[in-house]
Structures are given as structure tokens and as C-alpha cells.
Amino acid sequence: MIPAPFTYQRAGSADEALSLAAAAGEDAKFLAGGHSLLPLMKLRFAVPEVLIDIGRLRELSYIRDEGDHIAVGALTRHHDLEHSGLLTRELPLLALAAGRVGDPQVRHRGTIGGSLAHGDPASDLPAVALALDATLVARGPSGSRQIPAGEFFLGLFETALEPGELLTEIRIPKPPVPGWSFQKFTKRAIDWAIVGVAVQGQRVALVNMASAPMRAAAVEEALAGGAGPEEAAAHAAEGTNPVSDINAGAAYREHLARVLVARALTESAART
Amino acid sequence: MRVNGTEVAAEVEDRLLLAHFVREVAGLTATNIGCDTTSCGACTVLLDGESVKSCTVLAAQADGCEVTTCEGLAGPDGQMHPVQQAFHTEHGLQCGFCTPGMVMAAVSLLAENPDPSEQEVRAALEGNLCRCTGYHNIVRAVLAAARAGVREGGAR
């Protein structure tokens, strides 16, 4: 399978990426690792006219301790997140979840920013960003702005990024309480989650339970009211709207959400 | 880009995939194209020393990089790489279609982790499918290569 024709451009800096995007208009896409975008282009679900390759912008690949938060450059690869000592110590949820994305080859190419900006509800890291209460930093022609993760994911492949805006950094507060867990249910090791759950402290986020990644508000409310893992997890499917597809029906996904949230909350509690 | 240590320069279409560049421009056909959907791993090559699925990388993205295919592993005298030798000795292949990708994934694993456990080998090969389901001997081969590599003071 071969993508439809497009013009390939490579940016040498974030500034150049922004000016190339401004010149190319709405039919341009940024290309980071390409492991979400290129498969869609091969299937012709995505047909951008211009690809702006930002994959070599080393200035956007870093993991820094900023005191009260960790700053992760948008082009940091899953492989680097997985093997970061700093993340393993401070944000083990992110390190572990990154190591469960795809397979080693995918993790050698795919980036955290690419995964978040792609806005696929079946991807792991968007839900992790919600559970970690991350803030996303985007740069556009008129400067930088910060977008809370809770306001970033708008729908299927739809985010708060404007055309021509480039996701540059993910800022993640150091968790005030230590409990965390990541659960992912797949048929084969490399598959997207049929359902996934990310828990950090009292925050619970779901993978693939609606057209966008979402917090499990009813579970969080139950936890805040003193419910235990099983009792809180009984609310996991409330407010969700899962699809029925080749992998699972909606009712089965709702069942999985309750089971996986119970496992996640139990594991998280054991880590506090 | 440099492919197996040799400079390969060509004007190509923007949308040309690395897998097709390697096979059709560089003329190296060990790299197989299996699923074409980033699933099977048959097209695995090393890009600057790390395993990637070449059906999901544009040739243009590899511009100026170092690409290694299965043809590039053997020594100048034709002596097989320890991973190739181990696949031969342990019979780590049946039909052979997945083998070049398996070998490259194994080389990448051993470069990062020269002494993996069996569980680590199985996890590291999660992105490579064997349609003959011959995983048992493949895992044995990678473990044997790791032992041989340790004996020889590291994989070449």
C-alpha cells in the first residue's frame, strides 16, 4: 500500500516547522514518528497535501525535572520514555504505559506528542495524560499557549490544536499521592487496547470507551466518597459511549471497563 | 543514505517507503514486505542501529541515515553474524519469510540488552509474527546468540 502523493518538507527547527505550516495551509500535517499518520495515509483515510517532517527536531526531545513538574518534549520517543530513569522514579505510570505502546519497532519511532496530537481514543498515552493531569504546550503563529489535557481531546482524531499549531511540550505535575496503575486488554500483544485504564491517585482515565479518551467521573466520585476499588469500579461504564467493532461489542467493553478499573484501583492501592 | 555501509543516492518520489527503497532502489531483497500495516515485522531493518518497520518509514525520513538490512550483518569474509549463526544452528526458521525481520529485531534487542531472559526475548519479538508459529526455536536462537555474543565479547 502506497500513500496518495504529497509534498515532503523537512523542518530544521520548530520555527521553520511553523512557517512551513503557515505557508502550506490547512492541508498540511506535521510528521513526527509517523506511526499513526503513515498507516492512515496508506489506507487513504488521511490525504494531506504537504507533510512537514519534524522528526529530527532534537530541541523537542527531552525529559526534564522542573521541580514541581516534569517537562517532556513532544518529540520524545516512546522508547526514551520507557527507559527514562527520571520517569521511572517520578512518573512510573508514563514510563510503563509508554513501554506498552505497540512493539519495540514502533516505540523506536513513535513520539508522545505525535500520539497525543493524533487524538486516537484507542491510544494509550492520551488517557495517561488525563490521569496525570498534564498540561500541553502548543506553539502557533501568534505564540505559545497551554492547554489542560482535560480540554485537549475533543473527539475522534480531533484535538484542541488549531491548524498550523505545533504541540511542543507536555508538562506533568509530580503526583501528590503515589498510587498508580495501567491496565490494557488486547487480543495480541501489539494491538491497540480493546479497553485500557490509567490510574494516578484518585484520577481514573479510560482508553477506547468513547470517541475521545475520558476521565471516569463516576468512579472518581465514588472514590472521593470513600468507596473501595470494587465498589467504585462498578461505576466504570457510566457516562461512556464505547463503539462496537470487530474486536468487541459495546456491552463487552463496558464489562471490561468495570473489570479493568477494579484491577487498576486494587493495584494502585497496593502501591500507596 | 548509507545502506549496509554503502552510500546509496537516488531521487525518489516523496511517498516512497523505506521498504521499497531498500528492495527496489538499493536492490536488497532480504527485507520482506508482509502485512504492509506495521503489524508483522517482516520488513524490520535497523535505522541508525535501532529496529524499525521499514513499511512505515518514508525513504525521505531515512535521508542521510545509516540503514542495515539482513544482508549487512555477515562479516566481509561471509562469516555469519552470531544471530544468523544461532538461527541456523537452532533451526530458528521454517518457511523463512519472517526470518530477516526476526534476525534484525533480535540484533536490535541484543544491542540494547546483551543478556536477555527468555521472557525479555519473547517481549522484544512481540512486533514480529511468524506465520509458521515457529516461535519456540526462534526464542532459543536469540538466547543462543546472546550466549555466543557474551562469549565473543559482544555482538559484532
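Residues numbered from 1 in each chain as written. Chains lettered and ligands numbered in written order. Predicted model: local features only at pLDDT ≥ 70, side-chain atom pairs only at ≥ 80, totals over all residues.

Caption draft 1: Structural detail: the overall build of chain B. Of the regular secondary structure elements, chain B holds five helices and five strands. Of the regular secondary structure in chain B, the N- to C-terminal order runs β-β-α-β-β-β-α-α-α-α. Taken over C-alpha atoms, the radius of gyration comes to 15 Å for chain B, in line with the 15 Å a tight globule of 156 residues would show. In terms of its C-alpha atoms, chain B occupies a principal-axis envelope of roughly 45 × 30 × 25 Å. The buried share of chain B, reckoned over its 156 residues, is 48%. Of the contacts made within chain B by residues no fewer than 6 positions apart, 62% connect residues no fewer than 24 positions apart. (Helix = DSSP H or I, 4+ residues; strand = E, 2+ residues; numbered from the N terminus. Rg over C-alpha atoms; globule rule 2.2 N^0.38 Å. Buried ≥ 20, exposed ≤ 12 C-beta atoms within 10 Å, placed from the backbone. Contact = placed C-beta atoms within 7 Å.)

Caption draft 2: Quick peek at the overall build of chain A. Of the regular secondary structure elements, chain A holds 11 helices and 14 strands. Its C-alpha radius of gyration of 18 Å places chain A within 12% of the 19 Å reference for a compact globule of 272 residues. Dimensions of chain A, computed from C-alpha atoms along their principal axes, come out at roughly 55 × 45 × 30 Å. For chain A, with 272 residues in total, the buried portion stands at 53%. In chain A, of all internal contacts separated by at least 6 residues, the share reaching a separation of at least 24 is 62%.

Caption draft 3: The sheet that holds strand β1 (residues 7-10) of chain A, seen in detail. Residue and element names in this part refer to chain A. Judged by pairing direction, the sheet is parallel, and its three strands sit side by side in the order β1-β3-β2 without closing on themselves. Either end of the sheet is taken by a strand with one partner, and the two such strands are β1 and β2 (28-31). Averaged over all pairs of adjacent strands, the angle between strand axes in this sheet comes to 25°, irrespective of strand direction. Lying on the sheet, helix α1 (residues 14-24) is in contact with β1, β2 and β3 (50-53); it crosses β3 at an angle near 175°. (Pairing = 2+ DSSP bridges. Axes fitted to C-alpha atoms, helices over the stretch in contact; angles between N-to-C directions.)

Caption draft 4: Structural view of the sheet that holds strand β7 (residues 143-148) of chain A. All names here are of chain A. Spatially, five strands are ordered β4-β5-β10-β6-β7 in an open sheet, and the strand pairing comes out antiparallel. At either end of the open sheet lies a strand with only one pairing partner, and these are β4 (63-65) and β7. Along the sheet, successive strands turn relative to each other by an average axial angle of 25°, direction set aside. Looking at chain direction, β4 and strand β5 (residues 69-73) are connected through three bridges and run antiparallel. Paired with R64 across the bridge in β5 is A71.

Caption draft 5: Quick peek at the nonpolar core. Residue and element names in this part refer to chain A. In this structure, L94 and V261 are the most contacted members of the largest nonpolar core, which totals 85 residues. With seven residues, the top contributor of residues to this core is helix α11 (residues 250-270). Those residues in contact with V261, other than ones at most four positions away along the chain, are V197, V204, A216, V219, A233 and A236. (Core = buried A, V, L, I, M, F, W, Y, C linked by C-beta atoms within 7 Å.)

Caption draft 6: Quick look at the domain arrangement of chain B. Residue and element names in this part refer to chain B. Under the domain assignment, chain B is made up of domain 1 (2-72) and domain 2 (82-151). Distance between the C-alpha centres of domain 1 and domain 2: 20 Å. When residues of the side of domain 1 that touches domain 2 are assigned to their parent elements, the largest contribution, three residues, is made by strand β3 (residues 44-47). When grouped by side-chain class, the residues that make up the side of domain 1 that touches domain 2 number seven nonpolar, eight polar and one charged. (Domains from an automatic or database assignment. Nonpolar A, V, L, I, M, F, W, Y, C, P; charged D, E, K, R; others polar.)

Caption draft 7: Fine view of the domain arrangement of chain A. All names here are of chain A. Per the domain assignment, the segments making up chain A are domain 1 (7-53), domain 2 (58-173) and domain 3 (181-270). With 20 residues of domain 2 at the interface, the matching set in domain 3 holds 20 residues. For the side of domain 2 that touches domain 3, the secondary structure elements donating two or more residues are α5 (92-98), α8 (124-131) and β8 (153-155). Looking at the side of domain 2 that touches domain 3 element by element, the count peaks at six residues for α8.

Caption draft 8: Structural detail: the interface of chain A and chain B. On the side of chain B, 22 residues touch chain A, which itself brings 22 residues to the contact. Listed by contribution, the elements that provide at least two residues to the side of chain A that touches chain B are β1, α2 (37-42) and α6 (104-109) of chain A. By residue number, the principal contributor to the side of chain A that touches chain B is α6 of chain A, which donates five residues. Per-class residue counts for the side of chain A that touches chain B are 12 nonpolar, seven polar and three charged.

Caption draft 9: Main features of unusual backbone geometry. For F157 of chain A, which is not glycine, the phi torsion reads 55° and is therefore positive. Look at D48 of chain B: it is not a glycine, yet its phi comes out positive at around 50°. Here D48 of chain B is to be found in the loop between β3 and β4 (50-53).

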